[in-house]
Amino acid sequence: MGTPSPPAEPLAAPAPARRALAGLLRRGAGAARREPLSAALALVVVAASVYVIAVPLAVVRYPPMTDLPFHAAETAAFRHYLDPAWHFREQFTLQPLAVPYMSMYALGALLMLVLPPVAAVKVAAAAMLALLPAGLAVLFHGLKRSPLLGVLGLLLVWCNLTHWGFLNHMGALGLFAMVVGLTLLLLDRPSRGRQIALALALVALFFTHIFRFPFALAAVVGTAIVVFPATRRLRPVALPLAPSLALFAAWLVVRTDTLHAAPIAPALHWERLGEVPSLLFTSFTDPAEAAAAGRAARFVLAALLVCAAGAAARLAGAGADAAPSPAGAGADAACSPAGAGAAPSPAVDAPKWSFARLAALVPVACAIVFLGLFLSLPLQIGLWWYVYPREIVAALFLGLGAFPDLPRSPWLKVPAVLALSAAAVFLGAVVRDNYRRFDQSTRDFDAIIARIPQAPRLLYLVFDHGGSTRTTTPFIHLPAWVQATRGGWLSFHFAVWDASPVAYRPREEPGAVVPPPTPLRWEWTPSIFDVRRHGAFFDWFLVRRRAGANHLFAKDPSIVAVDHVGDWWLYQRSGAP
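The following paragraphs examine the structure supplied in this document. (Residues numbered from 1 in each chain as written. Predicted model: local features only at pLDDT ≥ 70, side-chain atom pairs only at ≥ 80, totals over all residues. Heavy atoms only, no water.)

### With respect to the overall build of the chain
Then comes step 1: Scanning the chain from N- to C-terminus turns up 20 helices and 9 strands.
Then comes step 2: Expressed as a percentage of its 577 residues, the buried residues of the chain come to 49%.
Then comes step 3: Pairs at least 24 residues apart make up 78% of the contacts formed inside the chain by residues separated by at least 6 positions. (Helix = DSSP H or I, 4+ residues; strand = E, 2+ residues; numbered from the N terminus. Buried < 20%, exposed > 50% of the residue type's maximum accessible area, 1.4 Å probe, protein only. Contact = heavy atoms within 4.5 Å.)

In structure tokens, the structure reads:
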């Protein structure tokens, strides 16, 4: 006779997170039942977002974003910092507060626990880009317009900045819009949940792009002031500011010298307005990019006209409702609970209208500020390059907040959402096609790095940059994927600038094993390489040069050829592991 089983314990109460998720799902299901058309259009927007953001990243192993390989390498440094087999602790120090560009790296490092390094970095990149439509949706919600208009954020997902690899900047723009939207929601109807959401968004922005963060602080305070005549509230935003302000104060104390503001002499350059088209969608030599941008602009214009017509119809209807006949007004007063002393119905809606109209000024004001930065900042500040072109993307993105609300009529609402979604899909399809072509161009790279062992001391030189449809080379930093997937050392690394969360250790520090310093713009001038001066530290050498690379190592007989695949040449020092 067996031992009787103990009685089953009662089920534990669901965790708070599970209860919150269940509540969210119930509210979502209820909203879908009440408004099936809006739910269907939301699915359209989500599908468009997945296609535009995820599909181009899925069709290529190594996306041709110029700086992405080093984002991957720094992500791997966080993931494997304590793993001696990767040798990161010997060469790097981590500075997540002194240089807090952390959000993508933290997310990618967590994803590397369950995904291969390349896949984890692509998912983290997609998350940064997804913040653009998500942040814009929250902004429109705060403006009392349809969050479906967040689909407009997809239009700028694949601008030139993304192809350069400025993913922290792009994610920060989405978080900036989210901060403004949450501020409006909080001031309209204060709640503890909205305060927490705003505080978290500000902290996320701090750890995404430190130089966008002060503008977000100003936007929170400015938004509260702008809508104060309608809300009579300032206090609700005070507490959410506290955590990020404390972080900002700490950063001011510990920041690196590189992040100290360099002196600039701003001056207005109105001629830059003529540069705007060339700063947005000129990342490929493929003429389909310009054609898709033009087609997308026409679809957006059509949707704008439809939404403007809907807004005009709403205003006309509101005007008719606000001007009843004298007889009707008397009857309404007589039938009201308070009798003749009751206020007419338009006065009931006046605060709501006042808030919406004042709130509409906020994204326009933000766009004007960023436009001013575009017109006045220099191209380079200290080590920071390509400065003012970034601000036109910020200005246009916030300017999208001036887009009128979707029409109430389904006959107008459906085509407007479909047109905006199609506009984004046109742009995404061009990126998908060109990224797929680039995948063919990196088959030789993928094949040759398979010969490189774990944790190599790798010196790389890229002489030839042809073989892609990118207008800016995607090959210049491609070998950094070796460090992202195998660890070890690289001859050039972003860590040398001390402007990222991963920096080189002081060479004199006990236990430090750091590659030798390289001349400025080393990665762009491989012709200055001298194997006797620059090669002693390294035991593996990877070169992209169609005409061959044997002559580069002729003065060091210990370096021998290992493989040649396509445009890539691989060499090894004799006796190296």
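### Focus on the packing of helix α7 (residues 167-188) against helix α16 (residues 388-399)
Then comes step 1: Here α7 crosses α16 at 30°, and the two axes come no closer than 11 Å. Here α7 is positioned roughly parallel relative to α16, judged by the angle of their axes. Note on packing geometry: the crossing formed by α7 with α16 is right-handed. Taken together, the residues of α16 that come into contact with α7 (itself represented by His169, Met170, Leu173, Gly174, Phe176 and Ala177) are Arg390, Val393, Ala394, Phe397 and Leu398.
Then comes step 2: Of the residues assigned to the contact of α7 with α16, the class counts are 8 nonpolar, 2 polar and 1 charged. (Axes fitted to C-alpha atoms, helices over the stretch in contact; angles between N-to-C directions. Parallel < 35°, antiparallel > 145°, perpendicular 65-115°, else oblique. Left-handed = near helix turned anticlockwise from the far one by under 90°. Nonpolar A, V, L, I, M, F, W, Y, C, P; charged D, E, K, R; others polar.)

### A few points about the packing of α7 against helix α8 (residues 192-206)
Then comes step 1: Where α7 meets α8, the axes come as close as 9 Å, and the angle between the chain directions of the two elements is 160°. In this view, α7 runs roughly antiparallel relative to α8, as classed from their interaxial angle. Where α7 crosses over α8, the handedness of that crossing is left-handed. Here Ala172, Leu175, Phe176, Val179, Leu182, Thr183, Leu185 and Leu186 of α7 lie close against α8, whose contacting residues are Arg194, Gln195, Ala197, Leu198, Ala201, Leu202, Ala204 and Leu205.
Then comes step 2: Split into classes, the residues belonging to the contact of α7 with α8 amount to 13 nonpolar, 2 polar and 1 charged.

### So, the sheet that holds strand β5 (residues 489-490)
Then comes step 1: Pairing is mixed across the open sheet formed by 5 strands, whose spatial order is β5-β4-β7-β9-β8. Two strands lie at the open edges of the sheet, namely β5 and β8 (559-565), each paired on one side alone. (Pairing = 2+ DSSP bridges.)

### With respect to the packing of aromatic side chains
Then comes step 1: One pass over the structure, following the stated rule, counts 37 aromatic pairs.
Then comes step 2: A centroid spacing of 5.7 Å and a plane angle of 70° characterise the contact between Phe492 and Trp497, whose relative ring orientation is edge-to-face.
Then comes step 3: Given the relative accessible area of 4%, Phe492 is considered buried.
Then comes step 4: Look at Trp497 and you get partly exposed, because its relative accessible area is 31%.
Then comes step 5: Joined through ring pairs, the aromatic side chains of Tyr101, Phe206, Phe207, Phe211, Phe213, Phe248, Trp251 and Trp384 make up one cluster.
Then comes step 6: The ring of Phe426 is capped by Arg295, whose NZ or CZ atom sits 5.1 Å from the centre of that ring.
Then comes step 7: Its guanidinium or amino end placed over the ring of Phe475, Arg544 lies 3.7 Å from that ring's centre, counting from NZ or CZ. (Phe/Tyr/Trp six-rings, centres within 6.5 Å; stacked < 30°, edge-to-face > 60°. Lys NZ or Arg CZ within 6 Å of the ring centre and 35° of its normal.)

### Some points on the environment of His71
Then comes step 1: With respect to the secondary-structure elements, His71 resides in helix α3 (residues 68-79).
Then comes step 2: Assessed through its relative accessible area of 8%, His71 is described here as buried.
Then comes step 3: For the pair His71 and Gly165, spaced 94 residues apart in sequence, the C-alpha to C-alpha distance is 8.3 Å.
Then comes step 4: Residues in contact with His71, not counting those within four places in the same chain, are Met104, Tyr105, Gly165 and Asn168.

### Focus: the side chain of Thr162
Then comes step 1: Tracing the backbone shows Thr162 in helix α6 (residues 160-164).
Then comes step 2: A distance of 2.5 Å separates a polar side-chain atom of Thr162 from the backbone oxygen of Val157.
Then comes step 3: When residues no more than four places from it in sequence are discounted, the contact partners of Thr162 are Met65, Leu129, Leu156, Val157, Leu167 and Met170. (Polar contact = N/O pair within 3.5 Å; in protein donor to acceptor, adjacent residues only side chain to side chain.)

### Describing the pattern of salt bridges
Then comes step 1: Taken as a whole and assessed by the stated rule, the structure comprises 13 salt bridges.
Then comes step 2: Its salt-bridge partner being Arg61, residue Asp446 comes within 3.3 Å of it at the nearest N-O pair. Of this pair, Asp446 sits in helix α18 (residues 443-449) while Arg61 sits in the loop between α2 (36-58) and α3, and the two are 385 residues apart along the sequence.
Then comes step 3: Judged by relative accessible area, which is 38%, Arg61 ranks as partly exposed.
Then comes step 4: With a shortest N-O distance of 3.2 Å, Arg443 and Asp439 are connected by a salt bridge.
Then comes step 5: The exposure class of Asp439 is buried, given its relative accessible area of 12%.
Then comes step 6: Three or more residues joined by partner-sharing salt bridges are found here, namely Arg432, Asp433 and Arg436. (Salt bridge = Lys/Arg side-chain N within 4 Å of Asp/Glu carboxyl O.)

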